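# Architecture at a glance
Read off the chains here:
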Amino acid sequence: MDLPSRLQELRDRIEGYARDFGLDFFPTHFEICDYKTINEIAAYGGFPTRYNHWRFGMEYEHLSKSYEFGLSKIYEMVINNDPAYAYLLEGNHLVDHKTVIAHVYAHVDFFKNNLFFAHTNRRMVDEMANHATRVRRYIDRFGIDLVEDFIETCLSIDNLIDPFSVYIREKRSEPPKEEVNELGLPKLSVSKEYLANYINPKEFLDAQRRKLEEDKERSKRFPERPERDVLQFIIDNAPLELWEADVLSTIREEAYYFAPQGQTKIMNEGWATYWHSRIMTEKALEASELLDYADAYSSVVASSPMRVNPYKIGVELWRDIVERWNSGRFGPEWERCDSLAERANWNRELGLGMQKIFEVRKLYNDVTFIDDFLTEDFCRKHQLFTFAYNQKDKEYQIQSREFAQIKQKMLFELTNFGQPFIYVKDGNYANRGELLLHHKFEGTPLRLDYAREVLSKLFKLWRRPVNIETVVDGKGKLFTFTGSDHRETSCSYEAL
């Protein structure tokens, strides 16, 4: 439903405020929806044109129950597209709509300008509709049960991609031609013939021969090097029907579209909260709306001891960057200062805060954002800590307030969305056509129940036994699904 005239007027005014602050965003279309419609759109990942699947129906039921029981409420939803689409919840207070509109414009600014969204499809609304049309055709041809079961299998493993592959461009060049001897081995050039036996001794030639044999053996590997994009490897090499490969390709495409949102959750939500706060408090908020706005804002940035609130951490870090770069609290001089009194009153009046946050908005993701800008002073000011479950007391307790541990835990949870790194190591394992995956072990073991379920899903695609090597209790383990049962054996584990 289109916006009423009053909201259209507010939207235009807030858009002007946002552009005055320097935000740069795509044209944005707003629609107002009742709670059932907005829950339905949210269940489809924000795309009402997406293909149907029972997973989305389950998500809709969950969202509806949460709303009806007062556990959660969707205020807005915005789609990374050009033009962008945003949905407002019918029945919200006018001050909520104003806040959400400002929030949306900041999100769209982030979508448009952040490096990690640069490769996303800006016509994804249309592309989702195309995907849905193809899926419906397959359902008409092969039956809903077969197609939905296959989609369920694909959705269960849609995180097995390489989100950084879109930034890699391999440059292929011809290797330099080396001078070779009569055995076909490379040798060093010799200016004088009598030096040949000294420059190219037998030991050197033997080592070169072994290297050539190893390179030849490596070239036989399938794949030649470990592949992190498991879905693409399956599309290219699994014995899939044409329609199955097409469906898996669409799900892989959607996974790459959504990946930057997971990579920038803290930054993106913090950025939108920072700017809606400034637009409202400095420009758009009326005196009569102050209490309603403060109540809504406090619920958005409420801290929780059990989880990181991306709105809270994000907005406070953006504010901290502005304050630090305005006052000059960065660089070698600041780092060398060890006087608490001097640091407390430090102000070089540089005024670089706005310039810095727009630079950070463009170039960073959550991992680099936290790594560069989460400081010990920030952790102390906001009383951050890590927690863990105490088996003796049967409750969660504060584990540490040490800055290094706080930062390490946050970075670990953000890297690869907190999920394990999985690679295709061998597509012809044991020369039997089996698939061998490699878990890059970094101290945290795999959840074996999840691993076994993923192996069973991959078997449906590979149609041969599927294996994964990992580390359990310090020892190499190989988990196998043969199609009928799960097996566990010891193996030698070597890091890639």
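Summarised in this report is the structure supplied together with it. Note that residues are indexed from 1 along each chain, following the sequence as it is written. Restriction of local features to residues with pLDDT of at least 70 applies here, the model being predicted, together with a cutoff of 80 or more for giving and counting side-chain atom pairs; totals for whole chains, interfaces and linings are based on all residues. Based on all heavy atoms of the structure, the side-chain values leave hydrogens and waters out of the count.

## Looking at the sheet that holds strand E7 (residues 434–439)
In spatial order, the strands read E6-E7-E8-E9-E10; together these five strands make up an open sheet with mixed pairing. Of all the strands in the sheet, just strand E6 (422–429) and strand E10 (486–490) have a single pairing partner and so form its edges. Neighbouring strand axes in the sheet, compared pairwise and without regard to direction, differ in orientation by 25° on average. Strand direction decides the pairing type here: E7 and strand E8 (residues 466–472), joined by four bridges, are parallel. By the bridge assignment for E8, leucine 437 is matched with isoleucine 468. Strand contacts of helix H9 (residues 230–237): E6 and E7, with the helix running at about 25° to E6, the strand carrying the most contacts. With respect to the sheet, helix H20 (residues 448–462) is in contact with E6, E7, E8, strand E9 (475–481) and E10, its orientation differing from that of E9 by roughly 45°. Pairing between strands is defined by DSSP: at least two bridges between them are needed. A run of H or I in DSSP counts as a helix once it spans at least four residues, and a run of E counts as a strand once it spans at least two, with each numbered from the N terminus. Under this scheme, a helix contributes an axis fitted over its contacting stretch, all axes are lines through C-alpha atoms, and angles between N-to-C directions fall in the 0 to 180 degree range. Contacts are assigned to residue pairs with any non-hydrogen atoms lying within 4.5 Å of each other.

## With respect to the nonpolar core
Only buried Ala, Val, Leu, Ile, Met, Phe, Trp, Tyr and Cys residues count toward a nonpolar core, and they belong to the same one when joined by side-chain atoms within 4.5 Å. To sort residues, take the accessible area from a 1.4 Å probe on protein chains only and compare it with the maximum for the residue type: under 20% means buried, over 50% means exposed, and anything in between is partly exposed. By size, the foremost hydrophobic cluster in this structure holds 60 residues, and its most contacted members are Trp271, Trp275, Trp318, Ile357 and Phe369. Per-element accounting of this core gives the leading share, ten residues, to helix H4 (residues 94–113). With residues near it in sequence (within four places) discarded, tryptophan 275 still touches Phe21, Leu23, Ala106, Met354, Ile357 and Phe358. Cys154, Ile161, Ala238 and Tyr256 belong to the second-largest nonpolar core, a separate cluster that totals 44 residues.

## A look at the packing of helix H17 (residues 366–373) against helix H19 (residues 403–414)
The geometry of a pair of packed helices is captured by two quantities: the angle between their axes and the separation between those axes. Contact pair H17 / H19: the axes reach a minimum separation of 9 Å and the direction vectors enclose 170°. By the criterion of interaxial angle, the relationship of H17 to H19 is roughly antiparallel. Facing Asp366, Val367, Ile370 and Asp371 of H17, the residues of H19 in contact are Lys407, Met410, Leu411 and Leu414. The class makeup of the residues in the contact of H17 with H19 is five nonpolar, no polar and three charged. Small angles under 35 degrees read as roughly parallel and large ones over 145 as roughly antiparallel, with 65 to 115 read as roughly perpendicular and the rest as oblique. Side-chain classes follow a simple rule in which Ala, Val, Leu, Ile, Met, Phe, Trp, Tyr, Cys and Pro form the nonpolar group, Asp, Glu, Lys and Arg form the charged group, and the remainder, Gly included, forms the polar group.

## Considering the sheet that holds strand E2 (residues 76–79)
Within the open sheet, the three strands sit side by side as E1-E3-E2. Their pairing is mixed. Two strands close off the open sheet at either side, each with one partner strand: strand E1 (28–33) and E2. Mean inter-strand twist for the sheet, computed between neighbouring axes without regard to direction, equals 15°. Looking at chain direction, E2 and strand E3 (residues 84–89) are connected through four bridges and run antiparallel. For methionine 77, the partnering residue across the bridge sits in E3 and is tyrosine 87. Each of E1, E2 and E3 is contacted by helix H2 (residues 35–43), which is oriented at about 140° to E3, the strand it contacts most.

## Focus on unusual backbone geometry
A cis amide bond links aspartate 82 to the next residue, proline 83, at an omega of 5°. One can find proline 83 in the loop between E2 and E3. The phi dihedral of glutamate 349 falls on the positive side, at around 50°, and the residue is not glycine. Inspection of the secondary structure puts glutamate 349 in the loop between helix H15 (340–344) and helix H16 (353–363). Glutamate 349 gets classed as exposed once you look at its relative accessible area, which sits at 67%.

## Focus: the side chain of threonine 375
Within the fold, threonine 375 resides in the loop between H17 and helix H18 (376–381). By relative accessible area, threonine 375 is classed as buried at 19%.

## Section: the side chain of threonine 386
For threonine 386, the location among the structural elements is in strand E4 (residues 386–390). By relative accessible area, threonine 386 is classed as buried at 4%.

## As for the environment of proline 310
As for its position among the elements, proline 310 is in helix H13 (residues 310–327). Spatially, the C-alpha atoms of proline 310 and isoleucine 266 are 4.4 Å apart, while their sequence positions differ by 44 residues. Beyond its immediate sequence surroundings of up to four residues, proline 310 is in contact with Lys265, Ile266, Glu269, Gly270 and Val315.

## Looking at the environment of phenylalanine 373
Note on placement: phenylalanine 373 falls in helix H17. Phenylalanine 373 sits 24 residues away from glutamine 397 along the chain, and the two C-alpha atoms are 26 Å apart. Excluding its chain neighbours within four sequence positions, the residues that come into contact with phenylalanine 373 are Leu317, Asp320, Ile321, Arg324, Trp325, Lys356, Val360 and Tyr364.

## Looking at the pattern of salt bridges
Counted as salt bridges are all cases of a side-chain nitrogen of Lys or Arg within 4 Å of a carboxyl oxygen of Asp or Glu. Counting across every chain of the model gives 32 salt bridges. Between glutamate 61 and lysine 65 there is a salt bridge, and its shortest N-O distance comes to 3.1 Å. Residue glutamate 61 and its partner lysine 65 are located together in helix H3 (residues 54–68), separated by four residues, close to a single helical turn. A salt bridge links aspartate 377 to arginine 380; its shortest N-O distance comes to 3.1 Å. With aspartate 377 and arginine 380 both in helix H18 and three residues apart, the pair spans about one turn of that helix. Bridged by salt links that share partners, the residues Arg343, Glu376, Asp377 and Arg380 form one connected network.

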